[in-house]
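# Commentary on secondary and tertiary structure
One-letter residues, chain by chain:
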Amino acid sequence: MGTLAEQAAFYYLAAASIASAGLAITRSNPIHSMLWVLALFLHIAGIFVLVGAQFLAAVQVIVYAGAILVFYLFFVMLLDLPSETAGRRFGAHWPLAAAAGAAFAVFLARWHEPGLATPAPPAADVAPVPHVAAVGMALFTEFALPFEIVSLVLLVAIVGAVVVARRKTTS
Amino acid sequence: MVPAGAFLGLSAILFAIGLVGFLSRRNIILMLVSLEIMLNAVNVNFAAFGHHLLEERGQILALFVIAVAAAEAAIGLGLVIALTRNRPGVCIEHLTELKW
């Protein structure tokens, strides 16, 4: 891909992601928020493709957009909150939240200070560009134990969700 | 070639948006969604550093973050279901049992 096309794609994806995220946290209708978050997830999948993380992009679309977000959407529809769009969107403490965001931005503006700078990349001819096969090889050799632990975490989450959401029956 | 700093800036902006959303929204479900936005910002960071340093481990950390996000969504929404059994809405201001 040409450099100019890559830059244009990046700036489009970045602008669309930021706009979707901003709209997602300010819409009053939860369904609209969810759909903007869906747009955000798909644009972030595009960014993953741009940085050469094709497998991550596929996982982002399948797991995040396909499973997690649909789960959230089911929930919003299941709970059926008619009063939600009429009420206030933000709590009375929203200036504090905005101040926290501004403080975070000020903190990040110090990124160029020495010691916090981005490390220099290694020489390009030493390491090959990571691709899907390299990711799979590392995932099932070096990260085999964390991979199995993640499956345990997911199992505990499934059982925990059932236990927490179960209707308590008094015998 | 897009500079690595541009990816980090995008990630920081998305994280700040998620942070403000998490702290200011009244709806518990939308607070959880803001949390997902923050996790996505972190994933962008991991992937960008993996690309910058020619290292596939960044992508693997992002995969683990996605798995933990799925677990968090399941547990968080289970808690929301348990909460709505006892009270009408999903508004955070109704949860005042621990307030003194």
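Rules used throughout
- Residues numbered from 1 in each chain as written.
- Chains lettered and ligands numbered in written order.
- Predicted model: local features only at pLDDT ≥ 70, side-chain atom pairs only at ≥ 80, totals over all residues.
- Heavy atoms only, no water.
- Patch = residues over 30% accessible without salt bridge, like charges linked within 9 Å, V, L, I, M, F, W, Y side chains within 5 Å.
- Areas by Shrake-Rupley, 256 points an atom, 1.4 Å probe, with all protein chains shown as cover.
- Salt bridge = Lys/Arg side-chain N within 4 Å of Asp/Glu carboxyl O.
- Helix = DSSP H or I, 4+ residues; strand = E, 2+ residues; numbered from the N terminus.
- Buried < 20%, exposed > 50% of the residue type's maximum accessible area, 1.4 Å probe, protein only.
- Polar contact = N/O pair within 3.5 Å; in protein donor to acceptor, adjacent residues only side chain to side chain.
- Contact = heavy atoms within 4.5 Å.
- Core = buried A, V, L, I, M, F, W, Y, C linked by side-chain atoms within 4.5 Å.
- Buried area = accessible area lost by both parts, 1.4 Å probe.

## Things to note about a nonpolar patch on the surface
On the surface, Leu152(A), Leu155(A), Val156(A), Ile158(A), Val159(A), Val162(A) and Val163(A) cluster together into a nonpolar patch covering about 640 Å² of accessible area. Here Val163(A) shows up in helix 6 (residues 144–165).

## Overview of the side chain of Ser24(B)
Position of Ser24(B) relative to the elements: it lies in helix 1 (residues 4–24). Residue class for Ser24(B) comes out buried when judged on its relative accessible area of 3%. Separated by 2.7 Å, the side chain of Ser24(B) and the backbone oxygen of Val20(B) make a polar contact. For Ser24(B), the residues in contact, after removing those within four places along its chain, are Arg89(A), Phe90(A), Gly91(A), His93(A), Trp94(A) and Ala97(A).

## A few points about the nonpolar core
Grouped together as the largest cluster of nonpolar side chains are 63 residues, with contacts concentrated most on Phe10(A), Met34(A), Phe48(A), Leu56(A), Tyr72(A) and Ile29(B). Secondary structure elements with two or more residues in this core: helix 1 (3–24), helix 2 (30–50), helix 3 (54–79), helix 5 (132–140) and helix 6 of chain A together with helix 1, helix 2 (28–52) and helix 3 (57–86) of chain B. Here this core gets 12 residues from one element, more than from any other, and that element is helix 3 of chain A. Each residue touching Ile29(B), except ones within four places of it in the same chain, is listed here: Met34(A), Tyr72(A), Val76(A), Leu79(A), Leu77(B) and Val80(B).

## Side note on the interface of chain A and chain B
Residue-level contacts link 83 residues of chain A with 67 residues of chain B. In this assembly, chain A packs against chain B so that about 6500 Å² is buried in total across both faces, 77% of it on carbon and sulfur atoms. Viewed at the interface, chain B and chain A are joined by one salt bridge. Arg57(B) is the partner of Glu142(A) in a salt bridge, and the nearest nitrogen-oxygen pair spans 3.0 Å. Counting every contact that joins chain A to chain B gives nine residue pairs in polar contact (both at pLDDT 80 or more).

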